[in-house]
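Observations on the model geometry
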Amino acid sequence: MNTFEDEVFADFCVQIGVENIRQYEEKELQAQQERAKKRLEFENQRNKLANQLEFEEFKNTEGEVHKWEKEVDNDKEEYEKSKTAEENQRKLIEEEMAKTEDLKNLKIAQKMDMGKVEESMNETKKKLTSVQKEIAVVQKQVNVYEVKVEQKRSDRHGILKTCKMDDVTLPFVNGNMDDIDQEGGSFQLDGDSETPTEQSSSLSSRQIYDREAQIQIDFGSLPDRMRDLDGDDVKIEVERMKKEISDMQVHLHRVQAPNMRAVERLDGVQNRFHETNEEFENARKRAKKAKMAFEKIKKDRNDRFMNCFEHVSTRIDDIYKALAKNQSAQAFLGPENPEEPYLDGINYNCVAPGKRFQPMSNLSGGEKTVAALALLFAIHSFQPAPFFVLDEIDAALDNTNIGKVASFIREQTETQFQCIVISLKEEFYGHADALVGICPDPGDCTISRVITIDLTEYPDPMLQARREDEPHVVR
């Protein structure tokens, strides 16, 4: 039956766009039901409105109108009041916004002042650190000098005690031999900790030293050349005098009879002695001047080396990070001899990006090349040269590291230095401003030709990539 119906109503179904007549009947039946439902709802609404209209006609509408007119007037008054209040609030808001803008400007100005103050504080902290280091150095020198002074006082006490025990008469300007205390001993300052007995002995020795400090010996009879002797010079002079005394004693034992010409020989010996003393004095002064000059040169060498070393050790980490294009990379220098670093070697270590710390010898060829370039550029930053000549520095680098090194050199050549690079890799020399090529010119005899190309006339792919990476600002 359904097949027969489909055949009969096939053309009609195609015209109305349905599959079969049954689907059309279902849709039509559903549409009729919906229309009947809508019609019923419309009738109900119409009856409701008719009833409402009849009810309103029987109501007293005039009182309601007056009531609503009064409500409208009250609403207008409220509206005017609200409008006035709104104007007042708008003015207050504008005033507050103006105050807020002033406070923002004041905040910005205070931030700028705070930045200047922080910069000043940082400079002051640096100066304070430098001064503290100088104070520490001076304090060490003072401690050394105090120990030397205490040792000298102990030596003086020992000499005075020896003279008193050996009945050696000394010429005094102030004091006498009775003021020398034979019970006191000499003490060495070898440590910071002292036992109670050592503390009492040290106190007693200081009292003795203070009392003996009042004793003044007359050095008027001492030759001028001996008054300026110090340290090793005194020991040398003492040994020389002891040798002379020993020689004189040996000579006295050998003398059988008085030599009548001894006075003449003595005059000659005294003349030679004075000449020798003058030569010794001149040599001592020259040695002292040479020692002072040596110390000055030594200090100047240390200052110059440390200025260069501190600058390079500070800059090398930043340069290594820029070459590696990674902030996790690290590079640092350390002297093997912190006291006199120029006498020994310098330790140079690098931590490659994404790797743990390992000795420089364990790094790959490319990593060693990048580390060496970082050291080279850091040393160059201390006293910059007009230009670089780099010979095949990309030999051990892969394409990634070649791009990083070429990018760094290109950035530096814009402001810091000029660079001439010898390279056989297109990835490297493709970033240059100009190319100079050497090639053979075959003929009767082979000669070399020079080919130059100005690359500034062509677009720079690195610059274009950098511009593409920069964010675009839409105005």
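Every chain's residues receive numbers from 1 upward, in the order its sequence appears when written. Given that the model is predicted, a residue must reach a pLDDT of at least 70 before its local features are reported, and side-chain atom pairs must reach 80 or more before they are shown or counted; all residues, however, enter totals for whole chains, interfaces and linings. The basis for every side-chain value is the complete set of heavy atoms in the structure, and neither hydrogens nor water enter the calculation.

This next bit is on the side chain of Glu367. The way it works is that DSSP assigns letters per residue, a run of H or I at least four long becomes a helix, a run of E at least two long becomes a strand, and they are numbered from the N terminus. Topologically, Glu367 is positioned in helix H9 (residues 365–382). Assessed through its relative accessible area of 15%, Glu367 is described here as buried. We define a polar contact as two N or O atoms separated by no more than 3.5 Å, with the added condition that, inside protein, one atom must be a possible hydrogen donor and the other a possible acceptor, whereas residues neighbouring each other in sequence contribute only through side-chain atom pairs. A polar contact of 3.1 Å, which involves the side chain of Glu367, links it to the backbone nitrogen of Ser364. If sequence neighbours within four positions are ignored, Glu367 has contacts with Ala352 and Lys355. Partly exposed describes any residue whose relative accessible area lies between the buried limit of under 20% and the exposed limit of over 50%, with all areas from a 1.4 Å probe on protein chains only and scaled to the type maximum. Whether two residues are in contact is decided by their heavy atoms: any pair within 4.5 Å suffices.

With that out of the way, let us pick up the packing of helix H8 (residues 262–324) against helix H10 (residues 399–415). Contact pair H8 / H10: the axes reach a minimum separation of 7 Å and the direction vectors enclose 125°. Here H8 lies oblique to H10, going by the angle between them. Where H8 approaches H10, its residues Ile319, Ala322, Leu323 and Ala324 are matched on the opposing element by Lys404, Val405 and Phe408. Side-chain classes follow a simple rule in which Ala, Val, Leu, Ile, Met, Phe, Trp, Tyr, Cys and Pro form the nonpolar group, Asp, Glu, Lys and Arg form the charged group, and the remainder, Gly included, forms the polar group. Across the contact of H8 with H10, the residue classes tally to six nonpolar, no polar and one charged. Throughout, an axis means a line fitted to C-alpha atoms (over the contacting stretch in the case of helices), and angles, computed between N-to-C directions, take values from 0 to 180 degrees. For this classification, under 35 degrees means roughly parallel, over 145 means roughly antiparallel, 65 to 115 means roughly perpendicular, and everything else is oblique.

So, about the packing of H8 against H9. Orientation of H8 relative to H9, taken along the N-to-C sense of each, is 135°, at an axis distance of 8 Å. By the angle between their directions, the pair H8 and H9 is classed as oblique. The interaxial crossing formed by H8 with H9 has right-handed handedness. Across the interface between the two elements, Asn307, Cys308, His311, Val312, Arg315, Ile316, Ile319, Tyr320 and Leu323 of H8 pack against Val370, Ala371, Leu373, Ala374, Leu375, Phe377, Ala378, Ile379, Ser381 and Phe382 of H9. Class assignment for the residues of the contact of H8 with H9 results in 15 nonpolar, three polar and one charged. Each helix crossing is assigned a hand: it is left-handed if the near helix lies turned anticlockwise from the far helix by less than a right angle, otherwise right-handed if that turn is clockwise.

Let us now look at the packing of aromatic side chains. Side-chain rings of Phe, Tyr and Trp (the six-membered ring for Trp) are treated as a pair once their centres are within 6.5 Å; stacked means planes under 30 degrees apart, edge-to-face means over 60, and tilted covers the remaining angles. Summed over all chains, the structure comprises five aromatic pairs. Taken together, a centroid distance of 6.1 Å and an interplanar angle of 5° make the contact between Phe305 and Phe309 stacked. In this pair, Phe305 and Phe309 both sit in helix H8, four residues apart, roughly one turn of the helix. A residue is classified by how much of its surface remains accessible, and Phe309, at 13% relative accessible area, is buried. Centroid distance Phe377 to Phe388: 5.5 Å. Interplanar angle 90°. Geometry classified as edge-to-face. Of this pair, Phe377 sits in helix H9 while Phe388 sits in strand E5 (residues 387–391), placing them eleven residues apart in sequence. Taken as a pair, Phe377 and Phe388 share a single burial class, namely buried. Here the aromatic residues Phe305, Phe309 and Tyr342 are joined through ring pairs into a cluster of three or more.

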